[in-house]
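Listed below, chain by chain, are the residues.
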Amino acid sequence: MLIVLMVFGAAAIALLPLARPLGARVFWVAALVPLGAFVHTLLQAPAVLSQDAARVPVERFTWIAQLDLTLDVRMDTLSWVLALVVTGVGSLVLLYCAGYFRDDEPGLGRFSAVLLAFAGAMFGLVIADDVYLLFLLWEATSVFSYLLIGHYTHRRASRGAALQALVTTTLGGLVMLVGLVLLAVQAGTSSLTAILAELPAGPLTTTAIMLVLVGALSKSAIVPLHFWLPGAMAAPTPVSAYLHAAAMVKAGIYLILRLAPAGVDVPGWREVLIVLGLVTLLLGGWAALKQTDLKLLLAYGTVSQLGLLVVVAGFGTRDTALAALALLLAHALFKSALFLVVGIIDHEAGTRDLRKLSGLGRRSPWLAAIAGAVLASMAGLPPVFGFVAKETVLYALLAAATGQTGEAPLDAAAQVWAAVALVGVVVGSALTVAYSIRFFWGAFARKPGVDDVTALAVVSRRFLLAPAVLAVTSLALGPLAGLVDAGLAGYPALFPYPGEVAYHLALWHGLTPELGLSALAIGLGALLFAARAPVARLQARLASEYTASEAYWDAMGAVDRLAVRVTSLTQRGSLPFYLGVILVVFIGVTTAGLLLGDSWPSELRLWDHPAQLAIGVVMIIAAIAATQAQKRFAALVVVGVTGFGMSAIFALQGAPDLALTQILVEVVTLIAFVLVLRRLPARLGDKHGSSHRLLRAGIGIGVGLVMALVAIIVAGARIEQPISLAWPQLAYEIGHGRNTVNVALVDLRGWDTMGELAVVIAAATGVASLLFLRSRGDTPPRLGRAVVKRRISARLDRVREQGEQGELRNAWILAGPTLDPRHRSILLEVVVRLTFHAIIVISLYLLFAGHNLPGGGFVGGLVAGLALVARYLAGGRYELGAALPVGAGAVLGSGLIIAAGAALVPVLLGAPPLTSAYWEGELWLLGEVEFVTSTIFDVGVYLVVVGLVLDVLRSLGGEVDRQGGDELAPAGRAGAASTALDAATGTPAGGAR
């Protein structure tokens, strides 16, 4: 069964490219998948019908073993019947689509793929035995239905109907999820079968079941959430025939049937379902009587029939369970066939308005015969299967109301509810008969004063195939009701029945009271149709000007207005305001948590070393100075002092790795800020700090105090030994390294580091995308070594030429002459020229020594990045291009690929990801050498950090220079040098490097 699910998904993806060459014939290919699933389901019949729990097909796939999450599927009688409906009707609808759509239909591939994916999701939903898998597939059907209803994307009505259906069913699904989680947590398992086998009594269970019913009722369009189904008729007719007759709307009925054996004992279960079901039955039938659009008539009729199904499925006796399952099967057959008939009429005649249709029965007698057969099933006329199902419903409710049943006697309240349900079902059946006759009369009869339809002289047999098969099945199952009874018997057996002889499905039970009630409903329905004129006047008089659909759109409009109002109040475009709101909420919530907690430490130690006190005083002074600074650079520097103070504290506590990393991060961050500050005014602004100074100070002090309390409480709240105490030993035994921090990053918690690398790359890409206006032009040409040498020679030749002309005496930094002499620092150029390569060597040393000594890929990458920063500061963006003539993207991508390769290569060798190997030996000249394969992962980290720094320099540095018109470049001789370098390197004038 799980394989069948995967086939559905794979086939849906494969359909997308097939639609272009095959056109509408792609549906023939698509139909093979549900047809194969139908055959597979039929082959499960011996095991399912045996009613032997040991033979029920069950499959389990372990999803997350640590959390005991599994994907369980199970096919019992209820799942088997629904699976046959979903796959059988699905294959016929897909065949029907081949005649319904043209070969040049826009979005044909998408539609076929989504429809097949929906069929797969629905098949998985009815066989799912895990509540979380059930929910995932439940929501998948909502998403796929949204795409199918909104297939005609150019129509506003289609888009609105799709959104309405999605919001309604998804909201119900989320409520249902809460109920499913409550049931799973209370039962200690996510297996639906296990949960229902021992459903405990109590208010929590009652709440959970009612929450689940919200999802089921919203999916099956039950009042007050019924409005989305008529609106969904904006979808193509095949969608209505499948989703809104045989599949999606049956999901809620299926869930009620699944819960009924255990849920019927939950307080309020029977009352809620009977009341809402009867209201839906009567309102839907009454609304169907006044529709002039054949498709809307069927839509409201579907709402009415779903209400009937809810009443019968939720009553919770053995006979009503049999009746509900039989009625569900009958409804899927006749309602999907009727939608397909409407599709043929609309497709060929060009209208669905029954006021404009006349004489259609004469012109297409086969179509009229098919419609007549399935309408007889819907109205409950013999000998079709719908009559058998309705007779069973009436018998079950009558027996429950009178207490004449073989089951355990129902209490008085249940008998009263059965009587109420019986009366409502008889009235609803009369409405069903009336709108069934109205449909046939409106579609096929000749009407005075209306011209006969000239189309539909010949309807292709291929187009008639799907509704014909459904009509023949409805006709055949009536006389074969005994075989159907045997197929459905496994589900009613779940309900207690101490009697000797149980009611069974049959076409004829003799002259019984239920037969009389059925005749009464048929007679009343015929009278309603005969009196359609006064009924129409009564409906017009009773018509409400405010519908449920309008209430939905009013609610959505109110949400939109509220969102606009809230946005206007909160989104003011003021960063201080946003930050203030966040911090105030933080203070309030955190303070409340601290006051309610009981983890206050019994003793307080202010410091471990007197130097910590001195460092803390410096950090406090720097923080206060930052609030008083008038210039941006001064504020930035004093803020950086706090970071360097933290580095000193790390060093005092014996964490050289953290101290070194913190120092380097502070330096790189300081430089990045400085690059940005070049384009901002030097001063912070006249109004800075002058408004609401006391409020700002209060918020700042409050945050500081709260954070201090959090740190104190967290430090004293631990009651167990931390797992980190074992890390040094684990780092040595598993990671073969003595630097615990580095080994943890590249080995013990390598997956965390992998995720962080991806975040770093995403952040770098985001910064660059904000700054590069036209394209990512930071990558120099990637040419061969010879070409690169020629370009470098051209640069040097140009420099010498300028020197011979007296323009340049010496060029310690290649691109230094491109800078304005007022902004050049010869001392800086000399220092950078002398130290650059040494810094790179130090970074490599830190990279390879970091496994056992302070260092590692992150620290080494930061050091190498600082070397690039020095080249940029000394010579500008051209010098940066000369220092590393590759793009930042290439460096970032290479680092991620190397890190990912180091993580995944062990998998190819049969080991878990990130498994490290250790090698130790003697090498000539180097002596004893130790190498761990996790160092390769560290190389990837090194490259990612270097790429990040390079990206920051080329975006915040070089690109900002270029966009600013290279304000640092001189207008005279140095400008000529810049132009010469542009020409020598092949860079467009003013282009970014």
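Since this is a predicted model, take the numbers as computed values, not measurements.

With respect to the overall build of the protein
A tally of regular secondary structure across the protein gives 38 helices and four strands. Within the protein, the fraction of its 993 residues that count as buried is 49%. Pairs at least 24 residues apart make up 79% of the contacts formed inside the protein by residues separated by at least 6 positions. Surface summary for the protein: the accessible area is close to 46,000 Å², and the carbon and sulfur share equals 67%.

Looking at the nonpolar core
If you look at the biggest cluster of nonpolar residues, it comprises 198 residues, and the most contacted ones within it are Tyr-242 and Trp-269. Sort the elements by how many residues they give to this core and helix 15 (residues 318-349) lands first, with 21 residues. The contact partners of Trp-269, leaving out residues within four places of it in the chain, are Ile-209, Met-210, Leu-213, Ile-256, Leu-259, Ala-260, Gly-263, Val-264 and Gly-314. Ala-672, Leu-757, Ile-761 and Leu-880 belong to the second-largest nonpolar core, a separate cluster that totals 40 residues.

Re a negative patch on the surface
Judged by side-chain charge, Glu-920, Glu-922, Glu-928 and Glu-930 come together as a negatively charged surface patch. Breaking the negative patch down by element, the ones donating at least two residues are strand 3 (918-923) and strand 4 (927-932). Tracing the backbone shows Glu-930 in strand 4. Given the relative accessible area of 36%, Glu-930 is considered partly exposed.

What to know about the pattern of salt bridges
Overall, the coordinates contain nine salt bridges when judged by the stated rule. Across the salt bridge formed by Asp-752 and Arg-749, the nearest N and O atoms sit 2.6 Å from each other. Among the residues examined, Asp-752 registers a relative accessible area of 35% and is labelled partly exposed. Ionic contacts of the salt-bridge type, sharing partners, join the residues Arg-74, Asp-76 and Arg-258 into one network.

So, unusual backbone geometry
Here the residue pair Val-223 and Pro-224 is connected by a cis peptide bond, since its omega of 10° sits within 30 degrees of zero. Considering the arrangement of structural elements, one finds Pro-224 in the loop between helix 9 (203-219) and helix 10 (228-231). Following Pro-382, the chain continues into Pro-383 via a peptide bond in cis, with omega recorded as 10°. With respect to the element layout, Pro-383 can be found in the loop between helix 17 (365-379) and helix 18 (385-402). Its identity is not glycine, yet His-736 carries a phi of approximately 55°, on the positive side. Looking at the element boundaries, His-736 is found in the loop between helix 30 (727-733) and helix 31 (740-748).

Considering helix 9
What sets the pattern is the α-helix's 3.6 residues per turn: residues three or four places apart point alike. Its 17 residues give helix 9 an end-to-end C-alpha distance of 25 Å, which sits within 8% of 24 Å, the value for a rise of 1.5 Å per residue. Here the buried face of helix 9 lies against helix 6 (131-149), helix 7 (156-187), helix 10, helix 12 (248-263), helix 13 (269-288) and helix 14 (294-315). Downstream of helix 9 by a residue or two, Ala-221 has a phi angle that is positive, lying close to 55°.

Details of the packing of aromatic side chains
By the definition in use, this model includes 15 aromatic pairs. Seen from their ring centres, Tyr-96 and Phe-463 are 5.0 Å apart, and the 35° between their planes marks the pair as tilted. Of the two residues, Tyr-96 sits in helix 4 (residues 77-100) while Phe-463 sits in helix 20 (residues 461-477), which places them 367 residues apart along the sequence. Here Tyr-96 falls in the buried class, since its relative accessible area comes to 1%.

Observations regarding the packing of helix 28 (residues 656-677) against helix 35 (residues 857-883)
Their axes nearest at 10 Å, the elements helix 28 and helix 35 cross at an angle of 30°. For helix 28 against helix 35, the interelement crossing comes out left-handed. Contacts from Leu-660, Thr-661, Leu-664, Val-665, Val-667, Val-668, Ile-671 and Leu-675 of helix 28 reach helix 35 at Phe-858, Val-859, Leu-862, Val-863, Leu-866, Val-869 and Tyr-872. Along the lines of polarity and charge, the residues of the contact of helix 28 with helix 35 split into 14 nonpolar, one polar and no charged.

Let's talk about the side chain of Asp-346
One can find Asp-346 in helix 15. Reaching out from Asp-346, the side chain makes a polar contact with the side chain of Arg-352 at a distance of 3.2 Å. Setting aside residues no more than four positions away along its own chain, Asp-346 makes contact with Thr-351 and Arg-352.

Observations regarding the packing of helix 6 against helix 7
The interhelical angle for the contact between helix 6 and helix 7, taken along N-to-C directions, is 175°, at an axis separation of 8 Å. With respect to helix 7, the axis of helix 6 lies roughly antiparallel. Grouping the amino acids of the contact of helix 6 with helix 7 by side-chain chemistry returns 18 nonpolar, five polar and one charged.

Re the environment of Leu-49
Mapped onto the secondary structure, Leu-49 falls in helix 3 (residues 45-49). Look at Leu-49 and you get partly exposed, because its relative accessible area is 33%. Separated by 438 residues in sequence, Leu-49 and Gly-487 have C-alpha atoms that sit 6.4 Å apart. Other than its neighbours up to four places away in sequence, Leu-49 contacts Trp-80, Ala-486 and Gly-487.

Let's talk about a nonpolar patch on the surface
A cluster of nonpolar residues, Trp-600, Leu-604, Leu-606, Trp-607, Leu-613, Val-617, Ile-621, Leu-709 and Ile-712, forms a patch on the protein surface that exposes about 880 Å² of accessible area. Secondary structure elements with two or more residues in the nonpolar patch: helix 26 (610-628) and helix 29 (693-717). Here the nonpolar patch takes three residues from helix 26, the largest share from any one element. By secondary structure assignment, the location of Ile-712 is in helix 29.

Focus on the environment of Phe-931
You can see Phe-931 is positioned in strand 4. Residue Phe-931 is classed as partly exposed on the basis of its relative accessible area of 33%. Remark: the alpha-carbon pair of Phe-931 and Glu-920, spanning eleven residues in sequence, is separated by 6.3 Å. Once residues within four sequence positions are removed from consideration, Phe-931 is found in contact with Ala-917, Tyr-918, Trp-919 and Ile-936.

Concerning helix 27 (residues 632-652)
End to end, helix 27 covers 31 Å across 21 residues, agreeing with the expected 30 Å (1.5 Å per residue, within 8%). Burial in helix 27 covers these residues: Ala-635, Leu-636, Val-638, Gly-640, Gly-643, Gly-645 and Ser-647. Packing partners of the buried residues in helix 27 comprise helix 26 and helix 28. Count one or two residues on from helix 27 and you reach Gly-654, which has phi positive near 80°.

Observations concerning the confidence of the model for the protein
Chain-level statistics for the protein give a pLDDT mean of 84 and a share of 88% at 70 or above. Confidence drops under pLDDT 50 across residues 778-785; counting only partners more than four residues distant or on other chains, this segment forms 16 contacts. Note that residues 967-993 has pLDDT below 50 and, in this model, 59 contacts with residues that lie over four places away or in other chains.

Criteria and thresholds
- Residues numbered from 1 in each chain as written.
- Predicted model: local features only at pLDDT ≥ 70, side-chain atom pairs only at ≥ 80, totals over all residues.
- Heavy atoms only, no water.
- Helix = DSSP H or I, 4+ residues; strand = E, 2+ residues; numbered from the N terminus.
- Buried < 20%, exposed > 50% of the residue type's maximum accessible area, 1.4 Å probe, protein only.
- Contact = heavy atoms within 4.5 Å.
- Areas by Shrake-Rupley, 256 points an atom, 1.4 Å probe, with all protein chains shown as cover.
- Core = buried A, V, L, I, M, F, W, Y, C linked by side-chain atoms within 4.5 Å.
- Patch = residues over 30% accessible without salt bridge, like charges linked within 9 Å, V, L, I, M, F, W, Y side chains within 5 Å.
- Salt bridge = Lys/Arg side-chain N within 4 Å of Asp/Glu carboxyl O.
- Lys, Arg positive; Asp, Glu negative; His and termini not counted.
- Charge placed at Lys NZ, Arg CZ, Asp CG, Glu CD.
- Expected span 1.5 Å × (residues − 1).
- Phe/Tyr/Trp six-rings, centres within 6.5 Å; stacked < 30°, edge-to-face > 60°.
- Axes fitted to C-alpha atoms, helices over the stretch in contact; angles between N-to-C directions.
- Left-handed = near helix turned anticlockwise from the far one by under 90°.
- Nonpolar A, V, L, I, M, F, W, Y, C, P; charged D, E, K, R; others polar.
- Polar contact = N/O pair within 3.5 Å; in protein donor to acceptor, adjacent residues only side chain to side chain.
- Parallel < 35°, antiparallel > 145°, perpendicular 65-115°, else oblique.
- pLDDT = per-residue confidence, 0-100.

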